[in-house]
Amino acid sequence: MGLTEQLLHPDPRQREQAARWVSGAVWDPGAEVELAGVLVEAACAEEDPGALEAQLGALVTVEAGISDLGLQRLGVLWPAPPVLERLLARAGRLQVCAPVTPGGAATLAVVRCLRGVPRTGAPLRTPGGAWVVLERIELYGRAVDRLDAGSTARVLLSGAGARGLEEWDRLEADPRARECVRRMLDPDPRVRALAADEAAGEAAGRPGAWDADAGRRLCAALARAAVRESDPQALERELHALMRLGHFLTPPVLALLRGMEGATLPPSLRACLDDLLGERPPGEPIRG
């Protein structure tokens, strides 16, 4: 029986076990798309709490493969467990659909939610790269704490980018990790190296720069790039970034990196790989 069949097995314990197996590996982008589709289907029909918990955890592992339709289907699960709330918030995308009204320290706008489920307090990036905070959401005259995909609402935005917004502008929930992951798949090694530098730079000296979900996702993408890397300079930067993100390393990422142990590497990179794979207490950062 294949993995996709196990994810939809009639026995909830089989479904749970299969979902945990998905969480225990690092997947290629094509496999992420396939697995995400099956996991969305399974989670939306799941009645067993243990299996649902495992499925949502697995969805975080293959988050890049979730389609907009899949996000919309997940958005109707209620009550949403915290892991799902965070996943949907990370995917948030709003579009301004009427002229904005600046006023004092905040700006009033009418927006439509294109993807995900943004929540009050969420930081959003403007097209110009500035940041705004979603201070308030008003739906049909009533304050709510979230905005579902397809809904239109009046919102109050604060922050440096709020006053410069125009009709049709799009606001994205923090897209930096998502963009880093995408660039790590680029055919140009210089682009991959720059993406690794960005991942490392966000973490260097700033332990809270990436949250746990983003950090684990970046480590998976960096490891996936490193084990296939043919460019020495890009490989050096990828391994360096993994050192910087050491407190986010997970057993699946370390298992993937162990596949490099037999590779012919320059002494400096061999030492870096040995440090990454070395024994240390769980959660202890690697000193790069």
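In what follows, the structure referred to is the one given above.
Because the structure is predicted, anything quoted here is derived from the model rather than measured. (Residues numbered from 1 in each chain as written. Predicted model: local features only at pLDDT ≥ 70, side-chain atom pairs only at ≥ 80, totals over all residues. Heavy atoms only, no water.)

On a plain count of helices and strands, the protein chain comes out with twelve helices and eight strands. Taking 19 Å as the expected radius of gyration for a compact globule of 288 residues, we find that the protein chain reaches 21 Å, a close match to that expectation. Taken across its 288 residues, the protein chain has 47% of its residues classed as buried. Contacts in the protein chain between residues at least 24 apart in sequence constitute 64% of all its contacts with a sequence separation of at least 6. Split by element, the accessible area of the protein chain, about 14,000 Å² in all, is 54% carbon and sulfur. Positive and negative side-chain charges in the protein chain, numbering 34 and 40 respectively, have mean positions lying 4 Å apart. (Helix = DSSP H or I, 4+ residues; strand = E, 2+ residues; numbered from the N terminus. Rg over C-alpha atoms; globule rule 2.2 N^0.38 Å. Buried < 20%, exposed > 50% of the residue type's maximum accessible area, 1.4 Å probe, protein only. Contact = heavy atoms within 4.5 Å. Areas by Shrake-Rupley, 256 points an atom, 1.4 Å probe, with all protein chains shown as cover. Lys, Arg positive; Asp, Glu negative; His and termini not counted. Charge placed at Lys NZ, Arg CZ, Asp CG, Glu CD.)

Further remarks concern the packing of helix α7 (residues 176-183) against helix α9 (residues 212-228). Contact pair α7 / α9: the axes reach a minimum separation of 9 Å and the direction vectors enclose 10°. One element, α7, and the other, α9, form an angle in the roughly parallel class. Across the interface between the two elements, Ala-177, Arg-178, Cys-180 and Val-181 from α7 touch Ala-214, Arg-217, Leu-218, Ala-221 and Arg-224 from α9. Per-class residue counts for the contact of α7 with α9 are six nonpolar, no polar and three charged. (Axes fitted to C-alpha atoms, helices over the stretch in contact; angles between N-to-C directions. Parallel < 35°, antiparallel > 145°, perpendicular 65-115°, else oblique. Nonpolar A, V, L, I, M, F, W, Y, C, P; charged D, E, K, R; others polar.)

On to the layout of surface pockets, then. Of the pockets and cavities examined, the largest pocket occupies roughly 710 Å³. Around the largest pocket sit 32 residues that line it, and Glu-63, Arg-90, Asp-174, Arg-178 and Arg-217 are the ones nearest its centre. Contributing elements (two or more residues each) for the lining of the largest pocket: α3 (29-45), α5 (68-74), α6 (82-90), α7 and α9. Broken down by element, the residue count for the lining of the largest pocket peaks at six residues, all from α7. A per-class count over the lining of the largest pocket returns 16 nonpolar, one polar and 15 charged. Empty space within the second largest pocket amounts to approximately 450 Å³. Lining the second largest pocket are 23 residues, and of these Ser-23, Gly-57, Val-60, Thr-61 and Arg-216 sit closest to its centre. Among the secondary structure elements, those contributing two or more residues to the lining of the second largest pocket are α4 (49-61), α6, α9 and α11 (251-257). Of all the elements, α9 adds the most residues to the lining of the second largest pocket, at seven residues. (1 Å grid on protein atoms, 1.4 Å probe; cavity = no way out; pocket = protein on both sides within 12 Å on 5 of 7 lines; lining within 4 Å. Points joined across faces, edges and corners; volume = space filled by probe spheres on them.)

This brings us to unusual backbone geometry. Trans is the common state for peptide bonds, and a negative phi is the common state for residues other than glycine. In the segment running from Trp-78 into Pro-79, the intervening peptide bond is cis, with an omega of 0°. Summarising the element assignment, Pro-79 is placed in the loop between α5 and α6. Positive phi, close to 55°, is recorded for Tyr-140, a residue that is not glycine. With respect to the element layout, Tyr-140 can be found in the loop between β5 (131-139) and β6 (142-144).

A few words now on the state of the cysteines. This model, assessed by the stated rule, comprises zero disulfides. You can see Cys-44 has no disulfide; the closest cysteine sulfur is in Cys-113, sitting 16 Å from it. Lacking any disulfide linkage, Cys-180 is separated from the closest cysteine sulfur, that of Cys-219, by 12 Å. (Disulfide = S-S within 2.5 Å.)

A few words on the nonpolar core. Met-184, Leu-218, Leu-222, Leu-239, Leu-242, Leu-245 and Leu-257 are the most contacted members of the largest nonpolar core, which has 35 residues in total. The greatest single-element share of this core, amounting to eight residues, is contributed by α9. If we ignore the near neighbours within four places in the chain, the residues touching Leu-218 are Ala-177, Cys-180, Val-181, Met-184, Ala-199, Trp-210 and Leu-245. Core analysis: the second largest hydrophobic core is formed by 27 residues, Trp-27, Leu-39, Leu-88 and Val-117 among them. (Core = buried A, V, L, I, M, F, W, Y, C linked by side-chain atoms within 4.5 Å.)

Now for the pattern of salt bridges. Enumeration over the complete set of coordinates arrives at 26 salt bridges. Put simply, Arg-13 and Glu-16 hold a salt bridge, and the shortest N to O gap is 2.8 Å. Separated by three residues within a single helix, Arg-13 and Glu-16 lie in helix α2 (residues 12-23), roughly one turn from each other. You can call Arg-13 partly exposed: its relative accessible area is 41%. The exposure class of Glu-16 is buried, given its relative accessible area of 16%. For Arg-93, the salt bridge goes to Glu-172, with nearest N and O atoms at 2.6 Å. Residue Arg-93 is found in strand β1 (residues 93-96), and its partner Glu-172 is found in strand β8 (residues 170-173); the two are separated by 79 residues along the sequence. The exposure class assigned to Arg-93 is buried, which follows from its relative accessible area of 18%. One network of salt bridges, in which partners are shared, links Glu-63, Arg-86, Arg-90, Asp-213, Arg-216 and Arg-217. (Salt bridge = Lys/Arg side-chain N within 4 Å of Asp/Glu carboxyl O.)

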